[in-house]
Each structure stands twice: as structure tokens, then as C-alpha cells.
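# Overview (structure and organization)
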Amino acid sequence: MLAPYACHPEETRGRLIKEEMSAHRSAYQRDRDRIIHATAFRRLKQKTQVFVEHEGDHFRTRLTHSIEVAQLGRTIAKALRLNEELTEAVALAHDLGHTPFGHIGEDVLDVCLSDVGGFDHNAQAIKIVTYLERKYAQFYGLNLTWEALEGIAKHNGPITGDVPPELAAYNLRHDLELHTYASAEAQIAALSDDIAYNVHDVDDGIRAGFFTLERLSEFELIGPLVAEVDALYPGLDRKRRKSEVLRRVYGVLVEDLLRTSANRISDLDPKTEQDVRNASGAVIVFSDPVWARLRELRSFLYENMYRHPDVTQMRVYASACVKSLYQHYDMHRDVLPEGWLNDAADEDARKRAIGDYIAGMTDRFAIKTYEATHGISPPDFDR
């Protein structure tokens with residue numbers, strides 16, 4: 001049974017465009033299903049997590065990452081008696097707004113669009129699910145529930161100060177209460193993201209040869225788990241040894257999150273889901289010691305993976321690719337797909353539409369287009 005402070009689908013604030021309830025699926029199930037069937041979701045299979053799509057078949061993509069986040073989120077939500085379906089929907093949608101080549105593509109588009117408000121991938125995800133997806137006769141977007149939309153918009157916390165223009169524009173039509181925290185379900189999706197990308201980036205970094213498990217044994221989060229696996233399974237082959245260690249890292253992080261969050265919820269004693277939103281801080285949290293260990297690991301990854309010369313070389317290519325494509329389409333708007341600029345009422349909207357088009361590209365399509373327009377291929381690496 002769901003906790004009283006969980007999001008109950010029968011009590012949803014509903015959808016911007018009213019629809020009949022399904023006889024067989026809850027409101028949040030329908031959200032989840034619409035996200036899975038969205039074109040933007042399918043494109044995540046060829047969008048960068050750390051390694052660009054052509055660099056190897058076994059590295060994570062935005063799609064496999066999102067699936068791992070959803071799996072973790074459902075596990076945590078169930079243990080805390082929160083709504084698994086809403087957690088899964090937010091988790092699956094949280095990266096829909098990412099550009100090709102990950103954060104470097106976002107940074108470049110932010111500069112290219114600086115005179116029209118910049119670019120933010122969370123705001124872009126909202127634009128995708130409320131406008132850019134075109135599958136239904138009754139409405140643009142996916143017409144998700146209010147709870148799913150607020151989770152996508154603010155799963156990382158309240159949005160104060162300068163609100164990205166795409167998000168601000170939608171919020172005028174459908175108030176997502178940006179100044180409050182999101183539901184506990186959305187908070188779970190956010191920290192499941194932290195768990196997933198830190199652990200699977202360790203896995204991918206070892207696979208790429210950037211560092212070894214022995215090097216990681218120096219860290220308090222991982223060292224004891226390496227010793228435990230070696231004691232239980234002496235002589236275990238390299239791949240299974242790594243997998244046994246990393247699945248224990250997942251366990252340590254999830255168990256700490258469950259224990260600490262349960263204590264936080266007990267202290268707060270929320271009676272409704274709105275009590276969670278109105279709290280003075282997040283209710284889904286790690287303990288301070290584990291959060292410090294996770295930050296230590298993240299710092300290591302920044303220095304030894306995200307700034308590795310191979311990754312940096314690819315980032316230089318990706319930056320030039322996205323910038324050049326934006327300039328190309330800005331100068332040659334007639335080569336954009338037919339009808340792409342039909343809804344653009346002014347010059348600012350036309351620039352934003354070009355940004356939308358590039359942001360929707362997969363790594364593969366961006367590379368192919370860059371090769372066709374500029375004759376420049378990406379660096380190749382022996383993985």
C-alpha cells in the first residue's frame with residue numbers, strides 16, 4: 001500500500017488537456033507508456049553518456065542509462081511505499097532534453113542561443129513532452145500528468161532565480177510550482193540518476209582502460225568491497241570481479257539512501273504529498289558520510305575519465321560539430337526539414353527552432369550531417 005505522502009494516481013492534478021481515465025492503466029502508467037513510445041526516447045539509444053556512440057557497443061548511452069535509473073528508482077520507491085510508476089516515468093524522461101554529445105553539446109547550444117535565453121536540457125525535456133512530440137490528434141506533446149511534468153522540471157530541486165525561457169513559457173500555462181520541491185517520487189529519480197551514472201561510469205572507465213579496480217580500491221566507498229569480493233571469491237576472473245564489486249557499490253548506496261530517507265521522512269512526518277513539496281529540504285537523501293564518499297568518487301571520475309585526453313579530444317570535435325551545425329542551419333534555413341519553421345513567429349523563435357532541431361539529433365546523425373556539410377569525421381579510438 002502506498003504511503004499517505006506518496007502520489008496517488010486517483011488524486012492526480014490531471015493533464016493540461018483533459019482526457020478520459022483509462023479502464024486498465026493508472027494515470028502514471030499512461031505517462032510511463034507515452035514516454036517509452038516517444039520518438040525522443042528512442043533517440044536516446046544513440047546519444048552520448050560519456051562515450052560517443054561509435055566508440056564501442058558496450059558503453060552506456062542515454063537510453064541504457066535511463067533504463068538503469070528507472071530500475072533503481074522503482075526499487076527505492078517500492079521500499080519506501082511510494083509510487084513506482086510515477087518514479088519510473090520521471091526517471092525514463094529525465095534525459096529526454098539532452099543534445100548529441102552530452103553536456104558539451106548542451107554547453108555549445110547554450111552559447112549559440114544566448115541571445116534568446118540559452119539552452120537547458122531539463123527545460124528542453126519539458127518542451128519535448130509538452131510541444132515537440134507530435135503523435136496525438138488532440139494535443140501537441142504527450143499531455144502528461146501534472147505530477148510527471150513537475151518531476152521532469154524540478155527533480156533536482158526548486159527552480160528559483162532565472163527560469164529557462166522554455167520552462168517559464170510552459171509554466172505560465174500550467175503552474176508547476178517551481179519554487180517548491182518535487183514529489184518524493186521525483187526526488188528518488190534524481191538520486192537514482194546520481195547512483196547510476198557514478199557506478200556505471202566506473203564500469204565504463206575500467207572497460208575503456210582509463211583506470212583499474214586496484215586504483216579505485218584506494219577509495220573508502222570501494223576499497224572494502226574489493227577486499228570482501230577477494231576474500232569470498234579468490235582468483236575470480238577480472239570481469240566477474242569487477243561486476244561483483246560494482247553490484248555491492250549499488251547495494252551500499254541504495255541501502256544508505258533507504259535508511260537515511262526513512263529517518264528523514266519519520267522526522268518530518270508528512271501527511272500528504274504536498275507536505276513533501278513544502279518541506280524545507282529534500283526528503284530523499286544520502287547520509288553525510290556516504291554523500292562525501294560519493295563526491296570523492298565523482299571528483300576522481302572528473303579528473304581521470306571526463307578529462308581524459310581521449311574524452312577531451314572527442315569533446316573538441318563535438319563542440320566544433322554542434323557549433324558548425326548551428327551556424328550552417330542559421331545561414332541555410334531552407335535545408336531544414338519541411339515545415340520545421342512553420343510555428344516560428346519571429347526571428348527569436350526561428351533561432352530557437354534551429355536549436356530544437358540540433359538538440360534532437362543523435363550522435364550518429366550529427367556526425368553524419370557534419371561530415372556531409374563540412375567533410376570532418378570524428379577521431380577514432382581503439383577500444
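A brief look at the structure comes next. None of the values given here were measured: they were computed from a predicted structure. (Residues numbered from 1 in each chain as written. Predicted model: local features only at pLDDT ≥ 70, side-chain atom pairs only at ≥ 80, totals over all residues. Heavy atoms only, no water.)

Along the backbone of the protein there are 17 helices and zero strands. Overall, the C-alpha framework of the protein stretches about 65 × 55 × 40 Å when taken along its three principal axes. Within the protein, the proportion of its 383 residues that are buried is 58%. Intrachain contacts of the protein at a sequence separation of at least 6 include 72% that bridge at least 24 residues. Here the protein contributes 47 positively and 61 negatively charged side chains, and the mean placements of these two sets differ by 3 Å. (Helix = DSSP H or I, 4+ residues; strand = E, 2+ residues; numbered from the N terminus. Buried < 20%, exposed > 50% of the residue type's maximum accessible area, 1.4 Å probe, protein only. Contact = heavy atoms within 4.5 Å. Lys, Arg positive; Asp, Glu negative; His and termini not counted. Charge placed at Lys NZ, Arg CZ, Asp CG, Glu CD.)

With respect to the element layout, Asp 346 can be found in the loop between α15 (309-331) and α16 (347-359). Residues Asp 346 and Asn 83 lie 263 residues apart in sequence; the distance between their C-alpha atoms is 42 Å. Looking at Asp 346, its side chain comes within polar contact range of the main-chain nitrogen of Asp 348, at 3.3 Å. (Polar contact = N/O pair within 3.5 Å; in protein donor to acceptor, adjacent residues only side chain to side chain.)

Reported here for the largest pocket is a volume of approximately 870 Å³. Along the wall of the largest pocket there are 38 residues; nearest its centre are Lys 127, Tyr 131, Leu 132, Arg 134 and Asp 356. Among the secondary structure elements, those contributing two or more residues to the lining of the largest pocket are α2 (39-43), α6 (121-132), α8 (165-173) and α16. (1 Å grid on protein atoms, 1.4 Å probe; cavity = no way out; pocket = protein on both sides within 12 Å on 5 of 7 lines; lining within 4 Å. Points joined across faces, edges and corners; volume = space filled by probe spheres on them.)

In this structure, Arg 81 is a non-glycine residue whose phi angle is positive, near 60 degrees. Residue Arg 81 is classed as partly exposed on the basis of its relative accessible area of 42%. Positive phi, close to 55 degrees, is recorded for Asp 269, a residue that is not glycine. Relative to the helices and strands, Asp 269 is located in the loop between α12 (238-268) and α13 (273-277). According to the relative accessible area criterion, Asp 269 is partly exposed, its value standing at 45%.

Membership of the largest hydrophobic core comes to 88 residues, with the highest contact counts inside it found for Leu 96 and Ile 284. Here this core takes 12 residues from helix α9 (residues 184-208), the largest share from any one element. Apart from the residues lying within four places of it in its own chain, the contact partners of Ile 284 are Leu 80, Leu 82, Ala 184, Gln 187, Ile 188, Leu 191, Leu 257, Ser 261 and Ile 265. One finds Ile 104, Cys 112, Val 116 and Ala 359 within the second-largest nonpolar core, a separate group that totals 25 residues. (Core = buried A, V, L, I, M, F, W, Y, C linked by side-chain atoms within 4.5 Å.)

What follows covers the environment of His 174. Mapped onto the elements of the fold, His 174 is located in the loop between α8 and α9. Sequence spacing of His 174 and Ser 261 is 87 residues, and the spatial spacing of their C-alpha atoms is 30 Å. In contact with His 174, not counting residues within four places along its chain, are Leu 16, Trp 146 and Leu 149. Within the structure, His 174 has its side chain in polar contact with the side chain of Tyr 170 (distance 2.6 Å).

A separate point is the environment of Thr 12. Along the chain, Thr 12 turns up in the segment before α1 (27-36). Spatially, the C-alpha atom of Thr 12 lies 24 Å from that of Gln 124, the residues being 112 residues apart in sequence. Those residues in contact with Thr 12 that lie beyond four places of it in its chain are Ala 27, Tyr 28, Thr 145 and Glu 147. Side chain to side chain, Thr 12 and Glu 147 meet in a polar contact 2.6 Å long.

Here we come to the pattern of salt bridges. Where side chains of opposite charge bring their charged atoms close, a pairing between them can arise. Following the criterion strictly, the structure yields 34 salt bridges and no others. Close ionic contact of Glu 84 with Arg 74 constitutes a salt bridge, the shortest N to O distance being 3.2 Å. With Glu 84 in helix α4 (residues 84-93) and Arg 74 in helix α3 (residues 62-79), this residue pair connects regions lying 10 residues apart in the sequence. In this structure Glu 84 comes out as partly exposed when scored by relative accessible area, which is 23%. When the shortest N-O distance is used, the salt bridge between Lys 154 and Glu 150 registers 3.1 Å. Of this pair, Lys 154 and Glu 150 both sit in helix α7 (residues 146-154), four residues apart, roughly one helical turn. The pair Lys 154 / Glu 150 is uniform in exposure class, with both members buried. (Salt bridge = Lys/Arg side-chain N within 4 Å of Asp/Glu carboxyl O.)

This next bit is on the packing of aromatic side chains. A full pass over the atoms with the stated rule returns 10 aromatic pairs. Look at Phe 211 and Phe 300: their rings are 5.1 Å apart centre to centre, the planes differ by 65 degrees, and that puts the pair in the edge-to-face class. Remark: Phe 300 occurs in helix α14 (residues 288-306) and Phe 211 occurs in the loop between α9 and α10 (213-216); sequence separation between them is 89 residues. Exposure class is identical for Phe 211 and Phe 300. Each is buried. On the basis of an interplanar angle of 65 degrees and a centroid distance of 5.2 Å, the ring pair of Trp 340 and Tyr 357 is categorised as edge-to-face. Here Trp 340 is found in the loop between α15 and α16, whereas its partner Tyr 357 is found in helix α16, with 17 residues between them in sequence. (Phe/Tyr/Trp six-rings, centres within 6.5 Å; stacked < 30°, edge-to-face > 60°.)

Moving on to the packing of α4 against α9. α9 packs onto α4 with a crossing angle of 45 degrees between their chain directions and a minimal axis gap of 8 Å. By the angle between their directions, the pair α4 and α9 is classed as oblique. With respect to the hand of their crossing, α4 and α9 are arranged in right-handed fashion. For the pair α4 and α9, the contacting residues are Leu 86, Thr 87, Val 90 and Ala 91 in the first and Glu 185, Ala 186, Ile 188 and Ala 189 in the second. When grouped by side-chain class, the residues that make up the contact of α4 with α9 number six nonpolar, one polar and one charged. (Axes fitted to C-alpha atoms, helices over the stretch in contact; angles between N-to-C directions. Parallel < 35°, antiparallel > 145°, perpendicular 65-115°, else oblique. Left-handed = near helix turned anticlockwise from the far one by under 90°. Nonpolar A, V, L, I, M, F, W, Y, C, P; charged D, E, K, R; others polar.)

Further remarks concern the packing of α6 against α8. One can describe the packing of α6 onto α8 by two numbers: an axis separation of 7 Å at closest approach and a directional angle of 45 degrees. By the angle between their directions, the pair α6 and α8 is classed as oblique. With respect to the hand of their crossing, α6 and α8 are arranged in left-handed fashion. Together, Ala 123, Ile 126, Lys 127 and Thr 130 of α6 and Glu 166, Leu 167 and Tyr 170 of α8 make up the contact between the two elements. For the contact of α6 with α8, a count of residues per class yields four nonpolar, one polar and two charged.

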